[in-house]
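Close look at the chain arrangement
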Amino acid sequence: MPEPLWLVRPRPDGGCDYVSFQLQASVETPACHEVEIREGSHLPPQMPLLKRRHRLDLAEAERCRERLQQEGGFRCSDPLF
């Protein structure tokens, strides 16, 4: 997951739920990498709403991405904003 990755799931109200994955250097060990995950929703023209933000190691983030795509109905997308 070297580049930012966006997953989006449309909602019935015309908005969407999103999850973005961004590679970051670890806070404790700068040589290691973590993935910052931001979860939220967006209903244009309103500002996006950030619901949750957390960090996972690379392997956990990959499992999270797979689960969201397989079970959560999310699809890869261009960045929303």
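Shown above is the structure to which this text applies.
The sections below set out a description of the structure shown in this document. Per chain, residue numbering runs from 1 following the sequence as it is written. Whole-chain, interface and lining totals are the exception, using all residues; otherwise, since this is a predicted model, local features are given only for residues with pLDDT of at least 70 and side-chain atom pairs are given and counted only at 80 or more. Calculated side-chain values reflect all of the structure's heavy atoms, with hydrogen atoms and water omitted.

1. Points about unusual backbone geometry
The condition is simple: Working definition: helices are DSSP H or I runs of at least four residues, strands are E runs of at least two. Numbering for both runs from the N terminus.
A cis amide bond links P44 to the next residue, P45, at an omega of 5 degrees. Tracing the backbone shows P45 in the loop between β3 (33-42) and β4 (49-57).

2. Considerations on the pattern of salt bridges
For the record, the criterion: Basic side-chain nitrogens of Lys or Arg form a salt bridge, by our definition, when they fall within 4 Å of a carboxyl oxygen of Asp or Glu. To sort residues, take the accessible area from a 1.4 Å probe on protein chains only and compare it with the maximum for the residue type: under 20% means buried, over 50% means exposed, and anything in between is partly exposed.
A full pass over the atoms with the stated rule returns nine salt bridges. For the salt bridge of D17 with R11, the shortest nitrogen-to-oxygen distance reads 3.4 Å. A relative accessible area of 12% places D17 in the buried class. Accessibility expressed as a relative area gives 22% for R11, which makes it partly exposed. In this structure, E62 engages R65 in a salt bridge whose closest nitrogen and oxygen atoms are separated by 2.3 Å. Placement of both E62 and R65 in helix α1 (residues 58-71) is noted, with a separation of three residues, approximately one turn of the helix. Looking at E62, the relative accessible area reads 27%, which means it is partly exposed. Overall, R65 belongs to the buried group, its relative accessible area being 18%.

3. A word on α1
Residues spaced three or four apart along an α-helix point in a common direction, a consequence of the helix completing one turn every 3.6 residues. The condition is simple: To estimate the expected span of a helix, subtract one from its residue number and multiply by 1.5 Å. Directions from the helix axis toward the C-beta atoms define the arc. Nitrogen and oxygen atoms within 3.5 Å of one another constitute a polar contact, given that in protein one can donate a hydrogen and the other can accept it, and given that sequence-neighbouring residues count only through two side-chain atoms.
Taking 1.5 Å per residue, 14 residues should reach 20 Å; α1 reaches 20 Å between its end C-alpha atoms and fits that length. Within α1, the full set of buried residues consists of A61, C64, R65, L68 and Q69. Buried residues of α1, viewed axially, fall in a sector of 125 degrees; they line one side. The exposed set on the far side of α1, more than 90 degrees from its buried face, consists of R63, Q70 and E71. Structurally, the start of α1 carries an N-cap: the backbone nitrogen of A59 is 3.1 Å from a side-chain oxygen of D57. Residue G73 follows α1 closely and has a positive phi angle near 80 degrees.

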